[in-house]
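# Breakdown of the fold
In case you want the letters, here they are:
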Amino acid sequence: MTVNQAQVLIRAVEQADSSTRLLEAVQQLSAACLTAAIPTLIAALGYNNPGAAVAAVDGLIQIGEPAVVPLLELLDGYNYGARAWAIRALAGIGDPRGLEMLLDAAKNDFALSVRRAAARGLGKIRWEELPTEQVQPAQERALEALLQVSQDPEWVVRYAAVTGLQELAKFLTLSHIDSALQILAHFDRRVEDEDNLAVIARIWLAQKEIRDYTTEILESQPAEIVSNLVSALDFDWQATLEKLYARKRREEPLQEGDPRKFRELAAAISRAIA
């Protein structure tokens, strides 16, 4: 593609006079995969047009590494919507240079959309691109952050943290089995404490995905290692389901005429007059 053609695509984004034309222009610019388009695509993240933002994120991810530094430098500290889209782009690229930004955003950003995007991104870092001596400390920091974020007040952020922990556990199965087991033990505790059924279901899926992945990847490893880790990944599905159904029954509103309603009312009156 010539310089003039690239300028035409960029100018089409800058001069779009409707949301539809903006979306089409950003889609065409993203498809061209031009490094010269990076600033324009980053600007599109803040145009209050979700379709255009999605297209811009896709384009930045396709461009890859050249987009990392501009994303870090041009990250909008005031527009949390644009910041969330930029974090999604960094997460999709997976470049380790974005690690510090993802860690800070996951733990500290006030916007749940930013924390959610960052939590997912921490599971997508391409650890193999770091110098060998930096891999373990970086993974430990990511693990610490994700364990913290998995208890975020917002369920969508907790859900994203489970996704990030699942991907991180896969990296750790061979290099640091103890850390992988720590994630699995954490999942067991979260199932007990979690009050959102979608997050519980995501934890179950993560446990299954980790177990399946580990079984496949460790086939070439010594039998003792495989046995120890796979047995740790196994858990009682029936008992877990029974606990969930019991919790759901406790949360269901009581029907009119149910004797338990009158017992609860009497107890409340007693507490009020005590």
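Going by the structure above, here's the rest.
Residues numbered from 1 in each chain as written. Predicted model: local features only at pLDDT ≥ 70, side-chain atom pairs only at ≥ 80, totals over all residues. Heavy atoms only, no water.

### Examining the overall build of the protein chain
Note the following rule: Each helix corresponds to a stretch of at least 4 residues labelled H or I by DSSP, and each strand to a stretch of at least 2 residues labelled E; elements are numbered beginning at the N terminus. Residue contacts follow a heavy-atom distance rule, with two residues in contact if any of their heavy atoms lie within 4.5 Å.
Counting its regular elements, the protein chain contains 15 helices and 0 strands. Sequence separation of 24 or more characterises 64% of the internal contacts of the protein chain that already satisfy a separation of 6 or more.

### Thoughts on the layout of surface pockets
This is how the line gets drawn: Whether a set of points on the 1 Å grid over the protein atoms alone is a cavity depends on a 1.4 Å probe fitting there but being unable to get out, while an open set qualifies as a pocket with protein on both sides within 12 Å along at least five of seven lines; lining residues are those with an atom within 4 Å of a point. Grid points are joined across faces, edges and corners, and a volume is the space filled by probe spheres set on the points. Gly counts as polar in this scheme, as do all residues outside two lists: the nonpolar Ala, Val, Leu, Ile, Met, Phe, Trp, Tyr, Cys and Pro, and the charged Asp, Glu, Lys and Arg.
Here the largest pocket is characterised by a volume of approximately 270 Å³. Every residue lining the largest pocket is counted, 13 residues in all, and those nearest its centre are Ala84, Trp85, Arg88, Ala117 and Arg120. Where the lining of the largest pocket is concerned, the elements lending two or more residues are α4 (50-63), α6 (80-93) and α8 (112-122). Of the residues in the lining of the largest pocket, the class split is 6 nonpolar, 3 polar and 4 charged.

### Some remarks on a positive patch on the surface
Applied cut-off: Surface patches are drawn from residues lacking salt bridges whose relative accessible area is over 30%; two like charges belong together within 9 Å, two nonpolar side chains (Val, Leu, Ile, Met, Phe, Trp, Tyr) within 5 Å. Here the open area of atoms and residues is found with the Shrake-Rupley method and a 1.4 Å probe, where only the protein chains shown may cover a residue. Between Lys or Arg on one side and Asp or Glu on the other, a salt bridge is scored when a side-chain nitrogen of the former is within 4 Å of a carboxyl oxygen of the latter. His residues and chain termini do not enter the charge count, which takes Lys and Arg as positive and Asp and Glu as negative. By convention, the point assigned to a charge is CZ for Arg, NZ for Lys, CD for Glu and CG for Asp. Using a 1.4 Å probe on the protein chains alone, a residue whose accessible area is under 20% of its type maximum counts as buried, one over 50% counts as exposed, and one in between counts as partly exposed.
A cluster of like positive charges, contributed by Arg88, Arg116, Arg120 and Lys124, occupies part of the molecular surface. Tracing the backbone shows Arg116 in helix α8. For Arg116, a relative accessible area of 36% puts it in the partly exposed group.

### Side note on the pattern of salt bridges
Where side chains of opposite charge bring their charged atoms close, a pairing between them can arise. On inspection of all chains with the given rule, the structure shows 12 salt bridges. Its salt-bridge partner being Arg115, residue Asp152 comes within 2.8 Å of it at the nearest N-O pair. Note that Asp152 is positioned in the loop between α9 (132-149) and α10 (155-175) and Arg115 in helix α8, a separation of 37 residues in sequence. We classify Asp152 as buried; its relative accessible area is 10%. Overall, Arg115 belongs to the buried group, its relative accessible area being 9%.

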